[in-house]
Amino acid sequence: MIASPTAPLVAARDLSVHFPITHGVFGSPLGWVRAVDGVSFTVSRGETLALVGESGSGKTTTARALLRLIPATSGDVSFDGVDVRALRAAPLRRLRRRMQLVFQDPYSSLNPRRTVGEAVREGLLVHRLADGSAADDRVRNALEEVGLRPDFAHRYPYELSGGQRQRVGIARALVVEPEFLVCDEPVSALDVSVQAQIINLLQDLQRDHHLTYLYIAHDLAVVAQVATRVAVMYFGRIVELAPAAALFHDPLMPYTRALLASVLVPDPMARRAHTVLAGESPSPTAPPPGCAFYPRCPDPRKDAACTTVVPPLEEKAPGRFAACIKEPVRLARIPSHPSPDPQP
Amino acid sequence: MTGATPPLLSIRDLRIVFATAAGPARAVDGVTLAVYPGETVGIVGESGSGKSVMALSILRLIRPPGRIEPGSSVTFDGLDLVSCDVTSLRAIRGRRIGMVFQEPMTALNPVFTVGDQIAEVIRVHEPTTNAAAWARAVAMLRAVGVPAAADRARQYPHELSGGTRQRVMLAMALVLRPGLLIADEPTTALDVTVQAQILALLADLQQEMGMAVLLITHDLAIVATVASRVIVMYGGQAVEEAPVEELFAAAHHPYTEGLLRAIPRPDPESGRAGRLAVIPGTVPPATAWPSGCRFHDRCPFAWDRCRDEMPPLYALSATHASRCHLAAEPARRTAPRAGEMAHTEPRS
């Protein structure tokens, strides 16, 4: 079961999730929305891979397909060497203990009629890990780990603040001792001061339990704080994947550059005339031919060739992947960031 | 900013109370502020600070069980909006003060085309023909950067993207060229690239129309980008007020300092290794504000005076004010910042 420490814990290869567009109650598909379209990446043990992109780019759908919460249309998912898509119900349930999910909205992800203790305990019962006083102990430990006193076990969600609810959400995931945590926008619903508490908590837990994170976010400032590597999604595809420092300092893709330029800086002296990216993501039912970013792309190198092929995600420099036919391959660049990624 | 020009909007000692099962909630508790013609004032606060309730109350949009307490005053261009009759208020709403909200889908009527909804604003306030109102609606849609405006005007809100809907909201709010725009989290629901578009558009329109903007947000980066003056709210009160450069360079109130330190900066080399500074604890509920300074139990400098005596808004200069006793006893700031590293929530 234990793979070598350098092998990726999680790998997606050419993963696609297509949803049918139907009409009427018994309608047959009129077409398909390619929510996720040929996505490949790996997550190494102990690292945080951030999945960033605007709404509708396919971040959450990718994560849900990875955890097999929704069926993938095609492609492979492996977790610690196990083919996740091929698993039957019982082994899948066993595997799910090892991969947990922290949701965006701590208001709607907790059952209002259950106490915090019951909510945290649920995973222990589902996975038959503990019951009785052993379960009580583990619930108490999990609450303590997330910074909540044991008496929180008797409270109901409505008695808690947003930050406290999110701590409960994290305790629920943590109590079954997972290795891999998918954090889907875990702080975007929280106030700034509380956001910092939760980000710090997630980083402490990662260090203490050697957790591996897939961190989904649209807020690039938060991503800069937490990520080891960053995958940028646009219109169902990964368009750039790189170590965090490289991506923030020297993005290869015009889209990533535009995304970074759109981030507002909390400094009135740095007020800039933003290089505003025109337009919005294309309609998912009518994708443009070739590169999906072509209609908005501000890059002077773009030409008709961009509209003829869907650009593949290629390694342009060691560890740095980009999906742009105009970006040359420069394998000698950035030697300080060796690739932890096999070729996707 | 001050000088001879009278303020366009002047709020004095505004108090708004909601009757709740847990007792009266003092959502806004004695806020005083002024907005001068053409300037952009940012109101920053976390949820529960009272910033949105305050915005709604300017146009008397507070419904029972909420009410504006006697003694509160909101004056717009000489007219007292708290006590004036409904007819005068309607002449102000939408015509001289425009408003945009966070969620454009809930603010737009789903069964009318967006063109009809913009044209209606014109027809309600001005004698005009349907055709003329429609033509102005389309022109306004064009002015807020909606491509193919004539076609878009005939569409319903659900047919539009989030960014376009927010442009429609701006078109509705600005079509009568109001002197003041109240914008409550106008870009919070939008993607970053679209947010940048909307803020740039707002700045352009503001300059062209000479309009004042009261921008309510939780996002300090937005304030840093667009505001000239900032008011920080906490516990239903204004706790600090300063020109934007001064607030970011030399914040005085420990709450403002804490907020500024808690923001992740989009630079991985300053981040990753270090931990974010946090403000321990959470915003207290409006039914149970702490005694004295409302921030005292989360403040790293608090001493007994802070618990016993509510600080007034101390004037630090002609333009900078802070509701913190440190203004009177600056030596106390050297106390160890014990609270800073705490990341648990001590009390609920």
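Rules and cut-offs
- Residues numbered from 1 in each chain as written.
- Chains lettered and ligands numbered in written order.
- Predicted model: local features only at pLDDT ≥ 70, side-chain atom pairs only at ≥ 80, totals over all residues.
- Heavy atoms only, no water.
- Pairing = 2+ DSSP bridges.
- Helix = DSSP H or I, 4+ residues; strand = E, 2+ residues; numbered from the N terminus.
- Axes fitted to C-alpha atoms, helices over the stretch in contact; angles between N-to-C directions.
- Contact = heavy atoms within 4.5 Å.
- Salt bridge = Lys/Arg side-chain N within 4 Å of Asp/Glu carboxyl O.
- Buried < 20%, exposed > 50% of the residue type's maximum accessible area, 1.4 Å probe, protein only.
- Expected span 1.5 Å × (residues − 1).
- Core = buried A, V, L, I, M, F, W, Y, C linked by side-chain atoms within 4.5 Å.
- Polar contact = N/O pair within 3.5 Å; in protein donor to acceptor, adjacent residues only side chain to side chain.
- Nonpolar A, V, L, I, M, F, W, Y, C, P; charged D, E, K, R; others polar.

**A look at the sheet that holds strand β8 (residues 212-217) of chain A**
All names here are of chain A.
So, point 1. With mixed pairing, the eight strands of this open sheet are ordered in space as β6-β7-β8-β3-β9-β10-β12-β11. Edge positions in the open sheet fall to β6 (99-102) and β11 (314-317), since each of these has one partner strand only. Between one strand and the next, the sheet's axes are offset by a mean angle of 25°, whatever the strand orientation.
So, point 2. Relative to the sheet, helix α1 (residues 59-66) contacts β3 (48-52), β6, β7 (180-184), β8 and β9 (229-234), its axis offset from that of β8 by approximately 150°.

**A word on the pattern of salt bridges**
So, point 1. Summed over all chains, the structure comprises 43 salt bridges over all chains.
So, point 2. The closest approach of N and O atoms between R294(B) and D29(B), which form a salt bridge, is 2.6 Å. Placement of R294(B) in the loop between α11 (254-262) and α12 (304-308) and of D29(B) in strand β2 (residues 23-35) is noted, with a sequence separation of 265 residues between them. Per residue, the accessibility class of R294(B) equals that of D29(B), and both read buried.
So, point 3. R307(B) serves as the salt-bridge partner of D308(B), at 3.9 Å between the closest nitrogen and oxygen.
So, point 4. Looking at R307(B), the relative accessible area reads 44%, which means it is partly exposed.
So, point 5. Taken together, the salt bridges that share partners define one network made up of R257(A), D299(A), R301(A), E327(A) and R330(A).

**What to know about helix α7 (residues 162-174) of chain B**
Residue and element names in this part refer to chain B.
So, point 1. Counted at 1.5 Å a residue, the expected span for α7 with its 13 residues is 18 Å, and the 18 Å between its end C-alpha atoms agrees.
So, point 2. Most of α7 is tucked away: 12 of the 13 residues are buried.
So, point 3. Buried within α7 are the following residues: G163, T164, R165, Q166, R167, V168, M169, L170, A171, M172, A173 and L174.

**Quick look at the nonpolar core**
So, point 1. Formed by 102 residues in total, the largest nonpolar core has its most connected members in V120(A), V230(A) and F248(A).
So, point 2. Judged by nonpolar contacts, the second largest core, of 42 residues, contains L264(A), L160(B), L181(B) and V194(B).

**Some words on the interface of chain A and chain B**
Reports often express the size of an interface as the amount of accessible area lost when the parts come together.
So, point 1. Counting residues at the interface gives 52 residues for chain A, matched by 53 residues for chain B.
So, point 2. Along the contact surface separating chain A from chain B lie zero salt bridges.
So, point 3. Applying the counting rule to chain A against chain B returns nine residue pairs in polar contact (both at pLDDT 80 or more).
So, point 4. No other element matches the 11 residues that helix α6 (residues 192-209) of chain A contributes to the side of chain A that touches chain B.
So, point 5. A class-by-class count of the residues in the side of chain A that touches chain B yields 24 nonpolar, 18 polar and 10 charged.

Structural measurements only, silent on function.
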